[in-house]
Every structure is written in C-alpha cells, then in structure tokens.
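If you want the building blocks of each chain, they are given just below.
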Amino acid sequence: MGYIKLSNITFTYNDDEKPIISDLSFCVDRGQCVLILGDNGSGKSTLLRILNGLSFPQSGEYLFDGEKITENCLKDNVKSKLFHKEIGFLFQNPDVMLFNAKVYDEVAFGPRQMGLSDDEVDRRTKDCMRMMGIEDLYDKAPYHLSGGQKKKVALASVLALNPSVLVLDEPFAGLDKKSETFLMDLLFELKESGKTLIIATHDEARLERLRDVSLRL
Ligand SMILES: Nc1ncnc2c1ncn2[C@@H]1O[C@H](COP(=O)(O)OP(=O)(O)O)[C@@H](O)[C@H]1O
Ligand SMILES: [Mg+2]
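Below you will find a few notes about this structure. Keep in mind the model is a prediction, meaning the values are calculated, not measured. (Residues numbered from 1 in each chain as written. Chains lettered and ligands numbered in written order. Predicted model: local features only at pLDDT ≥ 70, side-chain atom pairs only at ≥ 80, totals over all residues. Heavy atoms only, no water.)

What about the sheet that holds strand β8 (residues 196-201)?
Okay, step 1: Strand order in the open sheet made by the 4 strands is β3-β8-β7-β6, with parallel pairing throughout. Two strands close off the open sheet at either side, each with one partner strand: β3 (33-37) and β6 (87-90). For this sheet the average axis-to-axis angle between neighbouring strands, irrespective of direction, equals 10°.
Okay, step 2: Strand direction decides the pairing type here: β6 and strand β7 (residues 165-169), joined by 4 bridges, are parallel. Pairing of I87 across the sheet is with V165, part of β7.
Okay, step 3: Across the face of the sheet, helix α1 (residues 44-51) comes into contact with β3, β6, β7 and β8 while running at roughly 155° to β8. (Pairing = 2+ DSSP bridges. Helix = DSSP H or I, 4+ residues; strand = E, 2+ residues; numbered from the N terminus. Axes fitted to C-alpha atoms, helices over the stretch in contact; angles between N-to-C directions. Contact = heavy atoms within 4.5 Å.)

Structure below.
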C-alpha cells in the first residue's frame, strides 16, 4: 500500500464548472521523488493543496499513511498536528508563508510551536538557515527580501519542521542559476536522507534537470 494514496479524486472550485481535477489516482511510496509537470492553470497548485489538507475533493479518497484525510478529520487537533508534522508545504507564493518581523524568527517559528527547548530551536534554525545559504539574512525583514530570497526563507522554515514529506510548489521560480543548482543539490541530499518529495513545476527544462538529479540515486 502506498504511503500517499489518491483514489479517483475529483475537484472543482465552482460546482457549475468543469472539474479542475478529474478522476485522478496515484500512489507515492516512502522515499520516492515525484515530479508533476503541467502548464499554468492545469491544476498543480490545487492538487498540492489537496495533498496538504488545505482543499478537499468533492469525490474520491485521500489516504496518508493509511489514514483517510478529510476536512472533518483535520478538525481534530491531534490528528491535524500529526498530519502537518509529517508533511511540509512550500507554497507557490512565499509571501503567504512569511509573517514574522525577522528571518530568524520566521525559521524558528515552527520549531518553537513544536515545543522544543530553546537550544534545540536555535540549533535547528541555524542549521536550516545554513542549509539554505541564508545565514546573512538573519536579522532582515522577510517582507523586504527579493522573491528568490523569500523562497529560500520559506523553504528553510519548512525544513525546520523536519517533515518526512516535502511538497514543493514551483520551488525554482524566482531563483537565479546559482541558487537553482544549490537547490537541486539540496533536493538530492534530502531524497538521499529518505525524505519523500513531491515537486510541481511548469518548467520543463528544470524538470529535466531535476529528473537527472533523481536518477542519480
Ligand atoms: N480559489 C480559487 N477559486 C476559483 N478558481 C481557482 C482558485 N484557485 C485556482 N483556481 C483556478 O483553478 C485552475 C487551476 O489553478 P492552479 O491549481 O493554481 O494551476 P497551476 O498551479 O497548475 O498553475 C485555474 O484555472 C485557476 O484559475
Ligand atoms: Mg501553481
């Protein structure tokens, strides 16, 4: 049985319109890297929102590690916390993820919420900032950063939660060539460390490069 399993999912934003996602089924095993390619407007972000329990399909079933994920079950605080601890989501638009006054606090936010000790929070925060190469942004206001820098801060804050699944929506958008290579290598390392990766992009050239990265394994 798959770790993440979608069965016959159909999703529409407006009941009177054609579904954005129609009768979609797929399985993802632990440690797998899944790449999703599609044009703008094809429903990639919608699918990732469903995987993260932010939108719910009208029909079909979503199983995460054997648990049925529904709007109702995520109203249960304990279940919702467990689910969101396992699955980390990088939104397409990092602005919606950044709300702290300083980059350090942004990355530390998740670990603090998890109730870790101050030392552990500090260690994780610094490790993840180092991993993303953003140590120099420590004291900066996320709001004033460039798009690419915001993306890195948002990704560092996802990594700080240490989820076993990383769902990344257009992670390369706004990144320069050097940062792109850096992120490709990081994704390779994350996959090698056993993380499950689900990555959506509209960019075929980058997907090709990513595929090469995942084939290195
Ligand atoms: N909140 C929403 N309400 C209504 N329609 C939406 C909403 N979000 C996205 N859509 C529509 O759903 C379709 C798929 O969007 P999206 O999942 O963002 O595509 P992609 O990420 O592949 O570019 C688009 O036509 C978009 O306009
Ligand atoms: Mg999108």
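Moving on, there is more to tell.
Topic: the coordination of the magnesium ion (ligand 2)
Okay, step 1: Within the protein, the magnesium ion (ligand 2) binds to S45 (OG) and Q92 (OE1); these donor distances fall in the range 2.1 Å. Placement of S45 in helix α1 and of Q92 in the loop between β6 and α3 (103-113) is noted, with a sequence separation of 47 residues between them. (Donors = N, O, S within 2.8 Å, 3.2 Å for Na, K, Ca; no water.)

As for helix α6 (residues 177-192)
Okay, step 1: Relative to the 22 Å expected for 16 residues at 1.5 Å per residue, α6 spans 23 Å between its end C-alpha atoms, a close match to the ideal helical length.
Okay, step 2: For α6, the N-terminal cap is D176; the gap from its side-chain oxygen to the backbone nitrogen of K178 is 3.3 Å. (Expected span 1.5 Å × (residues − 1). Polar contact = N/O pair within 3.5 Å; in protein donor to acceptor, adjacent residues only side chain to side chain.)

Structural notes on the packing of α3 against helix α5 (residues 147-159)
Okay, step 1: Packing of α3 against α5 brings their axes to within 7 Å, and their N-to-C directions diverge by 30°. By the angle class used here, α3 and α5 are roughly parallel. In this structure, the crossing between α3 and α5 has a hand that is right-handed. Where α3 approaches α5, its residues V103, E106 and V107 are matched on the opposing element by V153, A156 and S157.
Okay, step 2: A per-class count over the contact of α3 with α5 returns 4 nonpolar, 1 polar and 1 charged. (Parallel < 35°, antiparallel > 145°, perpendicular 65-115°, else oblique. Left-handed = near helix turned anticlockwise from the far one by under 90°. Nonpolar A, V, L, I, M, F, W, Y, C, P; charged D, E, K, R; others polar.)

Focus: the site of ligand 1
Okay, step 1: In the region of ligand 1, the neighbouring residues are Y13, I20, D39, N40, G41, S42, G43, K44, S45 and T46.
Okay, step 2: Take T46: an N or O atom from its side chain is 2.5 Å from an oxygen atom of ligand 1.
Okay, step 3: Contact with the protein chains hides 57% of the accessible area of ligand 1, taken as 560 Å² for the molecule alone.
Okay, step 4: Grouping the constituent residues of the shell around ligand 1 by class yields 2 nonpolar, 6 polar and 2 charged. (Near = heavy atom within 4 Å. Areas by Shrake-Rupley, 256 points an atom, 1.4 Å probe, with all protein chains shown as cover.)

Some remarks on the sheet that holds strand β4 (residues 59-64)
Okay, step 1: In spatial order, the strands read β2-β1-β4-β5; together these 4 strands make up an open sheet with antiparallel pairing. Each having just a single partner strand, β2 (21-28) and β5 (67-68) make up the two edges of the open sheet.
Okay, step 2: As defined by bridge partners, strand β1 (residues 4-11) adjoins β2 across 5 bridges and the pair is classed as antiparallel. Of the residues in β2, the one forming a bridge with I4 is V28.
Okay, step 3: Across the face of the sheet, α1 comes into contact with β1, β2 and β4 while running at roughly 125° to β1.

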